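The lines below spell out each chain.
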Amino acid sequence: MLCVEISKERNTIPVAEIASFCRISWVYDDVVLCEGSAEVLRRLAYSKRVDELLFACRIDELFGSMPEMEYDDFSVRVFNAGADKGRMERSIGSMIRGSVRLEDPRNEFRVFIEGDAVLFCRSLFTIRERFDDRRATRRPFFSPTSLHPRLARAMINLSGAEREVFDPFCGTGGILIEGALMGLRVHGSDIQQRMIDGCRENMDFFGLEGYSLECSDVCDLDAEGLEAIVSDMPYGKSSYTGREPLKQLYSRSFTKLCDMLKPGGRAVVCTNNLRLLMQPDTELSLVGLHSLYVNKSMRRWIGVFTKT
Ligand SMILES: C[S@@+](CC[C@H](N)C(=O)[O-])C[C@H]1O[C@@H](n2cnc3c(N)ncnc32)[C@H](O)[C@@H]1O
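Residues numbered from 1 in each chain as written. Predicted model: local features only at pLDDT ≥ 70, side-chain atom pairs only at ≥ 80, totals over all residues. Heavy atoms only, no water.

What about the domain arrangement of the protein chain?
Reasoning step 1: When the domains of the protein chain are assigned, the result is domain 1 (2-126) and domain 2 (131-307).
Reasoning step 2: Taken together, the 11 residues of domain 1 in the interface contact 19 residues of domain 2.
Reasoning step 3: Surface buried jointly by domain 1 and domain 2 totals about 1200 Å² across both partners, of which 57% is contributed by carbon and sulfur atoms.
Reasoning step 4: Broken down residue by residue, the surface that domain 1 buries against domain 2 is led by I13, R43 and A45, which jointly contribute 47%. (Domains from an automatic or database assignment. Contact = heavy atoms within 4.5 Å. Buried area = accessible area lost by both parts, 1.4 Å probe.)

Following this line, the structure appears as structure tokens:
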């Protein structure tokens, strides 16, 4: 069993990201217990650390039920114990045979007090992605409509993509950059040639290779049998739509997204207008919906669709 420490976002994305790859057993505040491969969780955007759950018990049973443990190089950290933190860390440490090392230990035990339950874990790895180094203003080709790289990565995770990602509204390439850095094959298209040129400049700036880009209206694309489509669609405020009404653009785009996916494939679409995500006339089923507060006048909506 794995114990994932998620970031303290007040939204549903961190847990949904994990659910794309693992079977979730329990969620409590910022801790998620799940079954699955730990390695795949290195790609999570809104999580901080992945631990292995060694055992769980009631808090009043902790000291009576600790198994015999021997580690030659370890530290203990207790979370959510309030003023008892230091005392508990010393008491638990004294029950483990071996030598304590507080700086950079080979084995870090992380003990979470969650209500009257204790989760006794050993740290596997920390997730350290320098998303801010890739935010829109740090790229050579910049547009104010770009998503933050952390959200771009989370959207790819919500698609469950394991091999490839296609973004038919790629703009400056925020989603494609994250996909390529995750080791996925990425393809992008956009109706504006200047976006395709700028997107290529950004991809090259990060030394990314093996991607493909084309200038096209979404409905003129030839793609089919795709595993995952992930897109930040035009919002109509500062995004270009060629003066096409958004309702019409979304309606024809959703039909096309569905045609391009393989059965069971997923489309993850971000927009600022919930109504535009609700497209009843396609074979796409909405299997997840998330929202993110941006500012007083804008909220982003992220729909996760699967082709039935
Ligand atoms: C919100 S922006 C994408 C932002 C992008 N995620 C980024 O990181 O820059 C939407 C993009 O959709 C493109 N677009 C608008 N109408 C389109 C259409 N009919 N077909 C394809 N692309 C279109 C615009 O040119 C714009 O670059």
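The structure having been displayed, the exposition proceeds.
Some thoughts on the pairing of strand β11 (residues 185-190)
Reasoning step 1: Sheet topology note: the strand β10 (residues 164-167)/β11 ladder contains 4 bridges and is parallel. Within the sheet, the bridge partner assigned to V165 lies in β11 and is V186.
Reasoning step 2: With respect to chirality, the unit in which β10 leads through helix α5 (residues 174-181) into the neighbouring parallel β11 is right-handed.
Reasoning step 3: The pairing of β11 with strand β12 (residues 212-215) spans 4 bridges and is classified as parallel. Within β12, the position partnered with S189 by the bridge is E214.
Reasoning step 4: Once you follow β11 into helix α6 (residues 193-205) and on to β12, the crossover reads as right-handed. (Pairing = 2+ DSSP bridges. Helix = DSSP H or I, 4+ residues; strand = E, 2+ residues; numbered from the N terminus. Right-handed = clockwise from strand over helix to strand, strands pointing away.)

Some thoughts on the site of the ligand
Reasoning step 1: Around the ligand, the structure places 22 residues, and the nearest of them are S146, T172, D190, Q192 and Y240.
Reasoning step 2: A distance of 2.7 Å is found between an oxygen atom of the ligand and a side-chain nitrogen or oxygen belonging to T172.
Reasoning step 3: For the ligand, whose free accessible area comes to 610 Å², the fraction covered by protein is 98%.
Reasoning step 4: When grouped by side-chain class, the residues that make up the shell around the ligand number 10 nonpolar, 8 polar and 4 charged. (Near = heavy atom within 4 Å. Polar contact = N/O pair within 3.5 Å; in protein donor to acceptor, adjacent residues only side chain to side chain. Areas by Shrake-Rupley, 256 points an atom, 1.4 Å probe, with all protein chains shown as cover. Nonpolar A, V, L, I, M, F, W, Y, C, P; charged D, E, K, R; others polar.)

Considering α5
Reasoning step 1: Along α5, 7 of the 8 residues are buried, which leaves the element largely enclosed by surrounding structure.
Reasoning step 2: Among all positions in α5, only G174, I175, L176, I177, E178, G179 and A180 are buried.
Reasoning step 3: Packing partners of the buried residues in α5 comprise α4 (149-159), β10, β11, α6, β12 and β13 (226-232).
Reasoning step 4: Phi turns positive, to about 85 degrees, at G183, one or two residues after α5. (Buried < 20%, exposed > 50% of the residue type's maximum accessible area, 1.4 Å probe, protein only.)

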